[in-house]
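Notes for the structure review
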Amino acid sequence: MLRYLSIFLFSIVLSQTEIEETPPQLNPDHISLTIHESLINSFFQNMGEIRGEGTSSVMDYTWFLLEPRVEIEDDQAHFFAKVRAKTKNFRVTRDVVGTMGITFDQEQNVLDVKVDKADVILDIDILGKNVVLGKLDVAKHFSKSLKLNGPQSIEDEVEFKLPDGSIRIMDVEVVSYNLKLLKDKIVVSTSLGFKIKQ
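Note that the coordinates shown come from a computational prediction; the quantities given were computed from them, not determined experimentally.

1. Topic: the sheet that holds strand β2 (residues 50-55)
Strand pairing within a sheet occurs via backbone hydrogen bonds; the two strands may be parallel or antiparallel. The six strands lie next to each other as β2-β3-β4-β5-β6-β9, forming an open sheet whose pairing is antiparallel. Of all the strands in the sheet, the pair left with one neighbour each is β2 and β9 (146-149). Taken pair by pair, the neighbouring strands of this sheet meet at an average axis angle of 30°, ignoring direction. One ladder, built from nine bridges, connects strand β4 (residues 76-86) with strand β5 (residues 91-105); its direction is antiparallel. What sits directly across from arginine 84, in β5, is threonine 93. Sheet strands in contact with helix α2 (residues 37-45) are β3 (60-73), β4, β5, β6 (110-117) and β9, and its direction is about 165° off that of β3.

Pasting the structure below:
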């Protein structure tokens, strides 16, 4: 009996120790916004035709951006596309692999999504010889980023009536934010704080 009582007391102490070792979250996520990569890809698909002209020492060419898309993984986002270059006599398609820049401006409460880097070498084979038409910086053709409002409370202050009839106003402010890139999505979350307005 004493043995079972000792085991029982030891397990209670061990359970309490485990509970006490788990630190509370300092700023819990009160409000969050999830942006799925399909929203960004829909933006790319509906941009219309993106094309340009180029000149090399050998010939002039026209290029077209095809199938632009973003793929979001844990802690990273990549840009993928194809570029087709056409001359009078040749046509070549090259894959584009780049990176996305994803930031959150807490002061403005704006999520900023842009093509950060996406370079491709346009080259063709002429009679067994590799001829470089040029290097194309695809990112510069996305000069404007996609901007989305971040999560926030509807009001900057909350007003309520006290039992004595007086009015108290509480300021609502963003204490912290967290930007995470997860598989197929961007998650922005904020923690709110409240204080009595003086």
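Having seen the structure, we can now continue with the description.
2. Focus: the packing of aromatic side chains
For the coordinates displayed, the defined rule picks out five aromatic pairs. Taking 5.7 Å as the distance between ring centres and 70° as the angle between the ring planes, the aromatic pair formed by phenylalanine 79 and phenylalanine 142 counts as edge-to-face. Of this pair, phenylalanine 79 sits in strand β4 while phenylalanine 142 sits in the loop between β8 (129-137) and β9, placing them 63 residues apart in sequence. For the pair phenylalanine 79 and phenylalanine 142, one class covers both residues: buried. Arranged with centres 5.0 Å apart and planes meeting at 55°, the rings of phenylalanine 104 and tyrosine 177 form a pair that is tilted. Of the two residues, phenylalanine 104 sits in strand β5 while tyrosine 177 sits in strand β11 (residues 167-182), which places them 73 residues apart along the sequence. The class of tyrosine 177 is partly exposed, set by a relative accessible area of 36%. Aromatic ring contacts, followed pair by pair, group Phe43, Phe44, Phe79 and Phe142 into a single cluster.

3. Focus: the environment of glutamate 53
Turning to its location among the elements, glutamate 53 is positioned in strand β2. A relative accessible area of 57% means that glutamate 53 is categorised as exposed. Through-space distance from the C-alpha of glutamate 53 to that of lysine 86 is 9.7 Å; in sequence the pair is 33 residues apart. At 3.0 Å, the side chain of glutamate 53 forms a polar contact with the side chain of threonine 62.

4. A word on the pairing of strand β10 (residues 157-161)
As judged from the five bridges shared by β10 and β11, these two strands associate in the antiparallel manner. By the bridge assignment for β11, phenylalanine 160 is matched with arginine 168. Hairpin remark: β10 followed by β11, antiparallel, with five residues in the connecting loop; positive phi at glycine 165, about 95°.

5. Looking at the sheet that holds β10
Strand order in the open sheet formed by four strands is β1-β12-β11-β10, with antiparallel pairing between adjacent strands. In the strand order of this sheet, the two ends are held by β1 (31-36) and β10, each with one partner. With direction set aside, neighbouring strand axes in the sheet form an average angle of 25°. Together, β1 and β12 (185-196) form the strand contacts of α2, whose direction differs from that of β1 by roughly 45°.

6. A look at the nonpolar core
Judged by nonpolar contacts, the single largest core of 38 residues is most densely connected at Phe79, Val138 and Ile186. The contact partners of valine 138, leaving out residues within four places of it in the chain, are Leu65, Phe79, Val83, Val96, Ala118 and Val120.

7. Examining the confidence of the model for the chain
Predicted confidence across the chain gives a mean pLDDT of 85, with 87% of residues reaching 70 or more. Within the chain, β4 carries the highest mean pLDDT (96), whereas helix α1 (residues 2-20) carries the lowest (40). Confidence drops under pLDDT 50 across residues 1-23; counting only partners more than four residues distant or on other chains, this segment forms zero contacts.

Conventions we followed
Residues numbered from 1 in each chain as written. Predicted model: local features only at pLDDT ≥ 70, side-chain atom pairs only at ≥ 80, totals over all residues. Heavy atoms only, no water. Pairing = 2+ DSSP bridges. Helix = DSSP H or I, 4+ residues; strand = E, 2+ residues; numbered from the N terminus. Axes fitted to C-alpha atoms, helices over the stretch in contact; angles between N-to-C directions. Contact = heavy atoms within 4.5 Å. Phe/Tyr/Trp six-rings, centres within 6.5 Å; stacked < 30°, edge-to-face > 60°. Buried < 20%, exposed > 50% of the residue type's maximum accessible area, 1.4 Å probe, protein only. Polar contact = N/O pair within 3.5 Å; in protein donor to acceptor, adjacent residues only side chain to side chain. Core = buried A, V, L, I, M, F, W, Y, C linked by side-chain atoms within 4.5 Å. pLDDT = per-residue confidence, 0-100.

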